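Residues per chain, in single letters:
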Amino acid sequence: MSVLAQPRRGRVLVSRTVAAAQVQSRSRSMVLLLLVALPMFGQSFHYLIDVGPLYYLSKGWPLLTAPLAVYALFREQMPWRTFYVFLLAYVLGLTPLLAMIYFPVGFADAFATTAKTLPFLYYFSALGFLLLARPAPDELRRVMIGLGIASFVVMLLLWLTIPSDMYRADPAESKLFLYEKERGNRIFMPMFFGLIFVFYLARRAFMRREIWAFVAMIACFALLVMIYKQRTVIGAAALVIGFIALRATSGWFRTVLLLAGVIAGLIAMALIFGPYLQRLEAMFGASLDIREVSVRTAADFIANNYLALIFGAGSVTRISDNNLQTILGNAHFFLADIGWLGIIFEYGLVGASLILGAYIVALRQAATQQRNDDDPFLGALGDYVIYLLVTSAVYSLVFTPGEVATILALLVFLHRRPPGMQKQKIKPS
C-alpha cells in the first residue's frame, strides 16, 4: 500500500505545480492584455499627436474593435442596450443625414464628423472584450489603479528629464509638451486613469480614514498643480473630492471640513488667478469676443430653423472645402468652444438629451452597485462620471465619449461576474 501511495502523492504535487504555473502565466498574459486594451478604450492617446502610432491606433480603435461590439450586442444580455443602440443610431446615422440637408456637403464630409462620437461604441466593444477575456475583478482593479499610478510617475519623470526646448507653444506641434506665457511649461498628460486613481484615494482617505491615501492624494494634486496646470481639470477634481469628503463625514467635522474647503478654495483661486488679474482682459478679451460671436452665430442659426433646434443640424469637418466657418461666414466659429450650445447646434435638444443620458445611466449604474458593494474603486468610477459632468461647462461631452462608455462597460462587467471571473483556485487532482 505504501509503495503505491508514494507515486500518487508525487503526481498530486506535480499536478499542483503545473496548475500553479499555468495560473501565473495566464495572470501575466491577462495583465499585459489589459495594459494594452484599457488605455485605448479610455481614449488616452486619442489626441496625443506626439506618439504617432498610438495616436493613429486610437483613431482606428472603434472600427478595429467593432466585431467585439457585435458579439456583445447579439450574444449577451446587458442593461442599457436599447438606449445605446438608439443613441448610436442618432449620432452616427441621423445627424450626418441632417448635415447633408442643412449644409452643401457630400456624404463623405457629413459622415466624417461621426469620428468623434464613434467611441460611444466602446460600451459594446469594451464589454465584449471583457466578456471574452474574463479578467478576474482583482486583476482588473489592479491594472486600472496601476495605470493611474503610472500616469503620475511618467508625468513626473517627463517633467524632470525633458529639456525646455521640447515644449511647444503651438498645439499643432505637440499636445503633450505645451508652453504658454501665463503658465510656462506644462505637460498635458492623459488623466483618465490618473483621476480615477485620485478619486479612489479620496474615498479611501475620507471613508476609511486611511492616512496613507490622504498623503498620496495630496501628492497627486501637487503634481497636477505644478506640472499639469489645467485649471478646469484641477478645479473640477477638487470639487468632486469635496463631495466625497462631505458624504463621508457628519456633524461638527463636516462643518469644519466645509469651512476648510471654502478657505482652501479661496486661497487656491487667489494663487491661481491673482497674478493674472491685471491681464485678464488681455488674456481673455479676444477669446471671449470670439466666443460671443460664435454663440450669436449658432443661436441665430437654430432660432431660424426650429427643426434644427429639436433634432440638430449636424456638422462639417474642418478640413472640408465647405466647412462651418465658410458656410456661416465666421472664421472663428468652433462648436467645441461654445459648450452645450454647440452640442444642441449639432445634435438638437433630442440628441443633447441622449448624450447627457449616456452620462446619467453610467452614474446610475455606479450608484446602484455602490448600494450593494461599498468598494472605493467602483465609487471612483462613478466619481469620474460626475467629474465629466462638472467639466461639461467648459469641455464638450463628445470630446472623449469613449471614457464614459468604457466606465459603463466596466461597471456592468463587474456587476455581472460571469463564470470564470472569480479568482482561479487550484484544485487538487
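Quantities reported herein were computed from a predicted structural model and do not represent experimental measurements.

Quick look at the overall build of the protein now. Scanning the protein from N- to C-terminus turns up 17 helices and two strands. The proportion of buried residues among the 429 residues of the protein is 45%. Within the protein, contacts between residues separated by at least 24 positions form 75% of all contacts whose residues are at least 6 apart in sequence. Just so you have it, the protein exposes about 21600 Å², and 67% of that area is on carbon and sulfur atoms.

This part is about a nonpolar patch on the surface. Taken together, the side chains of L94, L307, I310, F311 and V350 make up a nonpolar region of the molecular surface, amounting to roughly 380 Å² of accessible area. The biggest single contributor to the nonpolar patch is helix α13 (residues 306-311), with three residues. For L94, the location among the structural elements is in helix α4 (residues 81-102).

Here the focus is the packing of aromatic side chains. Given two aromatic rings, their pairing is described by the distance between the two centres and the angle made by the two planes. Under the definition given, this model contains 23 aromatic pairs. Considering the side-chain rings of F41 and W61, the 5.6 Å spacing of their centres and the 75° angle between planes classify their relative orientation as edge-to-face. Taken together, the residues span a long stretch of sequence, with F41 in helix α1 (residues 2-41) and W61 in helix α2 (residues 52-64) at a distance of 20 residues. Judged by its relative accessible area of 13%, W61 falls in the buried class. Following the ring pairs from residue to residue traces out a cluster consisting of F83, Y84, F120, Y123 and F124.

Before going further, it helps to spend a moment on the environment of I386. Position of I386 among the secondary structure elements: in helix α16 (residues 376-391). For I386 and Y359, which are 27 residues apart along the polypeptide, the C-alpha to C-alpha distance reads 8.4 Å.

To continue, consider the nonpolar core. Grouped together as the largest cluster of nonpolar side chains are 116 residues, with contacts concentrated most on Y84, Y123 and F199. Apart from the residues within four sequence positions on either side, Y84 is in contact with F120, Y123, F124, A358, V361, V404, A405 and L408.

Here the focus is the confidence of the model for the protein. In the predicted model, the protein carries a mean pLDDT of 82, and the fraction of residues at 70 or more is 77%. Confidence, expressed as mean pLDDT per element, reaches its minimum in the protein at helix α11 (residues 251-273) with 57 and its maximum at helix α7 (residues 137-161) with 95. Contacts of residues 275-288 to residues separated by more than four positions or lying in other chains number 10 contacts, the stretch itself having pLDDT below 50. Low pLDDT, under 50, characterises residues 418-429; the predicted model gives this stretch 23 contacts beyond four residues in sequence or across chains.

Time to look at the pairing of strand β1 (residues 177-180). Bridge analysis of β1 against strand β2 (residues 184-187) gives four bridges, and the strand direction is antiparallel. Counted as the bridge partner of Y179 is N185 from β2. What sits between the antiparallel neighbours β1 and β2 is a turn of three residues.

You can see R204 is positioned in helix α8 (residues 192-207). Residue R204 is classed as buried on the basis of its relative accessible area, which comes to 17%. Residues within four places of R204 in sequence aside, it is in contact with R209, E210, W212, A213 and P376.

On to unusual backbone geometry. Residue Q43 is not a glycine yet carries a positive backbone phi of 55°. Residues other than glycine seldom take positive phi values, yet K229 does so here, at roughly 60°. With respect to the helices, strands and loops of the structure, K229 is situated in the loop between α9 (211-228) and α10 (231-248).

The next thing to look at is α4. Compared with the 32 Å implied by 1.5 Å per residue over 22 residues, the 31 Å span of α4 between its first and last C-alpha is a close match. The sharpest bend along α4 measures roughly 30° and falls at Y90. Every buried residue belonging to α4 is among Y84, L87, L88, Y90, V91, L92, T95, P96, L98 and A99, and all of these are buried.

It is worth spelling out the pattern of salt bridges at this point. It is possible for side chains of opposite charge to pair when their charged atoms get near one another. On inspection of all chains with the given rule, the structure shows nine salt bridges. Note that D383 and R203 form a salt bridge whose closest N and O atoms lie 2.7 Å from each other. Residue D383 is located in helix α16, and its partner R203 is located in helix α8; the two are separated by 180 residues in the primary sequence. What makes R203 buried here is its relative accessible area of 7%. Look at the salt bridges and you will find they share partners, linking D138, R141 and D375 into a network.

With that out of the way, let us pick up helix α6 (residues 122-133). Think of an α-helix as turning once every 3.6 residues; residues three or four places apart then point the same way. In this model α6 runs 15 Å from its N-terminal to its C-terminal C-alpha over 12 residues, within 8% of the 16 Å that 1.5 Å per residue would give. The element α6 is largely enclosed, with a buried count of 11 among its 12 residues. Of all the residues in α6, the buried ones are Y122, Y123, F124, S125, A126, L127, G128, F129, L130, L131 and A133. Just downstream of α6 lies R134, where phi reads positive at about 50°.

Scoring rules and cut-offs
- Residues numbered from 1 in each chain as written.
- Predicted model: local features only at pLDDT ≥ 70, side-chain atom pairs only at ≥ 80, totals over all residues.
- Heavy atoms only, no water.
- Helix = DSSP H or I, 4+ residues; strand = E, 2+ residues; numbered from the N terminus.
- Buried < 20%, exposed > 50% of the residue type's maximum accessible area, 1.4 Å probe, protein only.
- Contact = heavy atoms within 4.5 Å.
- Areas by Shrake-Rupley, 256 points an atom, 1.4 Å probe, with all protein chains shown as cover.
- Patch = residues over 30% accessible without salt bridge, like charges linked within 9 Å, V, L, I, M, F, W, Y side chains within 5 Å.
- Salt bridge = Lys/Arg side-chain N within 4 Å of Asp/Glu carboxyl O.
- Phe/Tyr/Trp six-rings, centres within 6.5 Å; stacked < 30°, edge-to-face > 60°.
- Core = buried A, V, L, I, M, F, W, Y, C linked by side-chain atoms within 4.5 Å.
- pLDDT = per-residue confidence, 0-100.
- Pairing = 2+ DSSP bridges.
- Expected span 1.5 Å × (residues − 1).
- Bend = angle between axes of the 7 residues up to and from the residue.

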